[in-house]
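Chain residues, written in single-letter form:
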Amino acid sequence: MKRLTWSNKVKAGVIAGAMALSVFGAYSAFTSVTDTKVNTFNIVAGEDGAQAGTIVEPSWDEENAKDMLPKKTVAKDPKVVSDAGYETWVFLTVDVPTFQATLDGAEDVYDAVVPNFNTDGKWTLIKSEKSDTAGTDSQYTYGYKDKVAAKGETSALFTEFTVPDFTKTEALKDSIDISGRMIQTEGYATLAEAAAALGLD
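Here is what the cut-offs are and how they apply
Residues numbered from 1 in each chain as written. Predicted model: local features only at pLDDT ≥ 70, side-chain atom pairs only at ≥ 80, totals over all residues. Heavy atoms only, no water. Buried < 20%, exposed > 50% of the residue type's maximum accessible area, 1.4 Å probe, protein only. Helix = DSSP H or I, 4+ residues; strand = E, 2+ residues; numbered from the N terminus. Pairing = 2+ DSSP bridges. Phe/Tyr/Trp six-rings, centres within 6.5 Å; stacked < 30°, edge-to-face > 60°.

Student: Is there a simple way to think about the pairing of strand 12 (residues 138–144) in this case?
Tutor: The buried count for strand 12 comes to six of seven residues, which makes it a mostly enclosed element. In the sheet, strand 7 (residues 88–96) pairs with strand 12 via six bridges, with the strands oriented antiparallel. Looking at the pairing, L92 lines up with Y142 of strand 12. By the bridge criterion, six bridges tie strand 11 (residues 123–129) to strand 12 in an arrangement that is antiparallel. Its bridge partner being in strand 12, E129 is matched across the sheet by Q139.

Okay, here's the thing in structure tokens:
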């Protein structure tokens, strides 16, 4: 299980604006009438870099991933459960190890395993960085298309991964690393805007 961090690129602006409102805009007095309208507001708690969610993998069993052979498939289903009390955009980045291998008669650098990304259409690829150097991870970043409700969760980014039908490989002992970023939807109307704010595009 991995923890996600909260990201808010406009935190300083939000706080500064709130401070200004608390001084100048908390009361609106209308001189033509005797009553006073009180404009009450509050700001949700949050801190840049603070934990905002958890990556869970209900079907993952590490024992199933030992001594894998070509064409073997293993269940792995990462999704995000939000700890935030507000609506968020969610992103997951998957680091896949690479190694030297032969596939379909071609010797090259390949991803050691291939996840079945985006099986339900809820996730969209934001950035793909395929490594051409053995031992350097390929990196794939996906964004969840729907806004995630407070304390809500995403669907799984993928449900399994498979070792391609290599005819020759190096030995490899490594891991698929999954990390996440979350940002509030307020101020970011689209997933693309959120990705740009986080520098993920």
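Student: Looking at this model, I keep getting lost on the packing of aromatic side chains. Mind explaining?
Tutor: Aromatic ring pairs are reported here in terms of the distance separating the ring centres and the angle at which the planes meet. Inspection of every chain in the model, using the stated rule, returns seven aromatic pairs. Look at F99 and F166: their rings are 5.4 Å apart centre to centre, the planes differ by 80°, and that puts the pair in the edge-to-face class. One end of the pair, F99, is in strand 8 (residues 98–103); the other, F166, is in the loop between strand 13 (160–162) and strand 14 (168–169), and 67 residues separate them in sequence. What makes F99 buried here is its relative accessible area of 6%. For F166, a relative accessible area of 5% translates into the label buried. Taking 5.7 Å as the distance between ring centres and 55° as the angle between the ring planes, the aromatic pair formed by Y110 and F166 counts as tilted. Placement of Y110 in strand 9 (residues 106–111) and of F166 in the loop between strand 13 and strand 14 is noted, with a sequence separation of 56 residues between them.

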